[in-house]
Amino acid sequence: MLSQRIQTLSASLTIEIASLARDLKAQGKDVLSFSAGEPDFDTPDAVKNAAKKALDEGKTKYTAVAGTPALLKAVADKLQRENNITYAPNQILTNNGAKHSLFNLFQAVVDVGDEVIIPAPYWVTYPELVKYSGGTSVIIDTDDNSGFKITAQQLKDAITPKTKMLVLTSPSNPTGAVYTKEELEALAEVLKGTNILVASDEMYEKLVFGDTKFVATASISEDMYQRTVTINGLSKSAAMTGWRFGYMASPNKELIAVMDNLQSQSTSNINSITQEAAIVGLDGTINKEVEAMRVAFEARCNEAVELFNNIDGLSVVKPSGAFYLFVNIKEVSNDSMQFCKDLLEAQGVAVVPGVGFGAEGYFRFSFATDIETIRKGIKRIKTFVQTLK
Ligand code: PMP
Ligand code: GLU
């Protein structure tokens, strides 16, 4: 009864583990969850007020599929002002979260037999979307020794005549790695003269630490601008995970138009109230709140890295952005799924096994939670690891 295609699709491991932790908590178990990639902060008031105003003004009807003219302008202005990339309104599509942006993109460009290059560790969703489109993922492995970043040579070696797209995620979920301008330029050089698209997932753009600078892939050169689809949203930077707002931009109007068609036959426009709220999320009104969250994430990151690196048997590279630590457990386990199950059972601590991100020998720890819980959780992880030595 089920289609072949749907039978290839797995559930999102990050969502599964977060739900499992939630269920255990609801049963009264003492569970600390570091599984979800979700800020613990509340959505800034200005965004909430814009939504309330939208309701009061009766902005409760269908809009254009891509989004209202005011929202498309807010996205275009944001990309120009903050990333120095120019898009017209008909080069932008807004979606029900950046996950939906990615879904539309993969459906629109990946055919059976096409290859999509994905650097690992990767966010769990990409290979599933490739499978669902009938394509093949070509994984480039990286590890903590290379700072979890691919090199130009690795990219060159992965390209075949079937390569359709490269997925870049900077800052990365799950490693927090951020590509420098020079590193992006080196990758851009390899892509020159090919027809390869780049899906640049910039969800964690605002969350960079120390002197790390975020550079938008499409801003690297005219050549990269032409081949890149920029994907972003407000879930992480503005603590708006539940609002479901994401967007994508590409100079290729035909590509945007076919994704608009797809969306017109599936979800239509995104929630009209969210659209009004997103304008305020994008236009700079909440800059102070976003920066305050970034500062808090950075402080937690610094402390958590130190605590983990004091645990005999574990090690972690300090991330340059996002809100995850990708902790190396190779000294104590070669089965991250088992490690995470046992940790949850023994200490009530939920983290996500590295194997789900295409990298065995690690787990992902989200520090998007308060510092007291982080301290308590890492202490429990230490107790657990001591039993393995
Ligand atoms: N990209 C990355 C790298 C992510 O971690 C996530 C997870 N939230 C998304 C996209 C999707 O975000 P959302 O659909 O909530 O906008
Ligand atoms: N992206 C977040 C994460 O990696 C949320 C869960 C999901 O969408 O898969 O945890």
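Look up: the structure comes first, before these words.
Each value, and the rule that gives it
Residues numbered from 1 in each chain as written. Chains lettered and ligands numbered in written order. Predicted model: local features only at pLDDT ≥ 70, side-chain atom pairs only at ≥ 80, totals over all residues. Heavy atoms only, no water. Salt bridge = Lys/Arg side-chain N within 4 Å of Asp/Glu carboxyl O. Helix = DSSP H or I, 4+ residues; strand = E, 2+ residues; numbered from the N terminus. Buried < 20%, exposed > 50% of the residue type's maximum accessible area, 1.4 Å probe, protein only. Pairing = 2+ DSSP bridges. Axes fitted to C-alpha atoms, helices over the stretch in contact; angles between N-to-C directions. Near = heavy atom within 4 Å. Polar contact = N/O pair within 3.5 Å; in protein donor to acceptor, adjacent residues only side chain to side chain. Areas by Shrake-Rupley, 256 points an atom, 1.4 Å probe, with all protein chains shown as cover. Nonpolar A, V, L, I, M, F, W, Y, C, P; charged D, E, K, R; others polar. Phe/Tyr/Trp six-rings, centres within 6.5 Å; stacked < 30°, edge-to-face > 60°.

### Structural notes on the pattern of salt bridges
Side chains that carry opposite charge are capable of pairing whenever their charged atoms lie near each other.
Here comes step 1: Under the counting rule described, the total for this entry stands at 21 salt bridges.
Here comes step 2: Where Arg380 meets Asp30, a salt bridge forms, and the shortest distance between an N and an O atom there is 2.7 Å. Within this pair, whereas Arg380 is found in helix H14 (residues 371–388), its partner Asp30 is found in the loop between helix H2 (13–26) and strand S1 (32–33), the two being separated by 350 residues in sequence.
Here comes step 3: Taking relative accessible area as the criterion, Arg380 reaches 12% and is therefore assigned buried.
Here comes step 4: On the accessibility criterion, Asp30 (51% relative accessible area) is exposed.
Here comes step 5: Between Arg294 and Glu291 there is a salt bridge whose closest N-O contact spans 2.9 Å. Pair noted here: Arg294 and Glu291 are both in helix H12 (residues 287–309), with a separation of 3 residues, about one helical turn.

### Looking at the sheet that holds strand S2 (residues 92–95)
Here comes step 1: Taken in spatial order, the 7 strands make up an open sheet running S2-S8-S7-S6-S5-S3-S4, and their pairing is mixed. With partners counted over all chains shown, the strands left at the sheet margins are S2 and strand S4 (136–141), one partner each. Averaged over all pairs of adjacent strands, the angle between strand axes in this sheet comes to 20°, irrespective of strand direction.
Here comes step 2: As paired elements, strand S3 (residues 115–120) and strand S5 (residues 163–169) share 3 bridges and run parallel to each other. In the sheet register, Ile117 faces S5, and the bridge partner there is Leu166.

### Topic: the site of ligand 2
Here comes step 1: Surrounding ligand 2, one finds Ser12, Thr14, Ile15, Ser35, Ala36, Gly37, Lys99, Trp123, Asn173, Lys236, Tyr324 and Arg364.
Here comes step 2: Asn173 is positioned such that a nitrogen or oxygen atom in its side chain is 3.0 Å from an oxygen atom of ligand 2.
Here comes step 3: Contact distances for ligand 2 include 2.8 Å between an oxygen atom and a side-chain N or O atom of Arg364.
Here comes step 4: For ligand 2, whose free accessible area comes to 280 Å², the fraction covered by protein is 85%.
Here comes step 5: Each residue belonging to the shell around ligand 2 can be placed in one class, and the counts come to 4 nonpolar, 5 polar and 3 charged.

### Details of the packing of aromatic side chains
Here comes step 1: Evaluated as defined, the whole model comprises 19 aromatic pairs.
Here comes step 2: Between the aromatic rings of Phe326 and Tyr362, the centroid separation amounts to 4.8 Å while the plane-to-plane angle is 15°, which identifies the pairing as stacked. One end of the pair, Phe326, is in strand S10 (residues 324–328); the other, Tyr362, is in strand S13 (residues 362–366), with 36 residues separating them in the sequence.
Here comes step 3: Pairing Phe339 with Phe363 gives two aromatic rings, centres 5.5 Å apart and planes at 15°, and the pair type is stacked. Taken together, the residues Phe339 in helix H13 (residues 336–347) and Phe363 in strand S13 connect sequence positions 24 residues apart.

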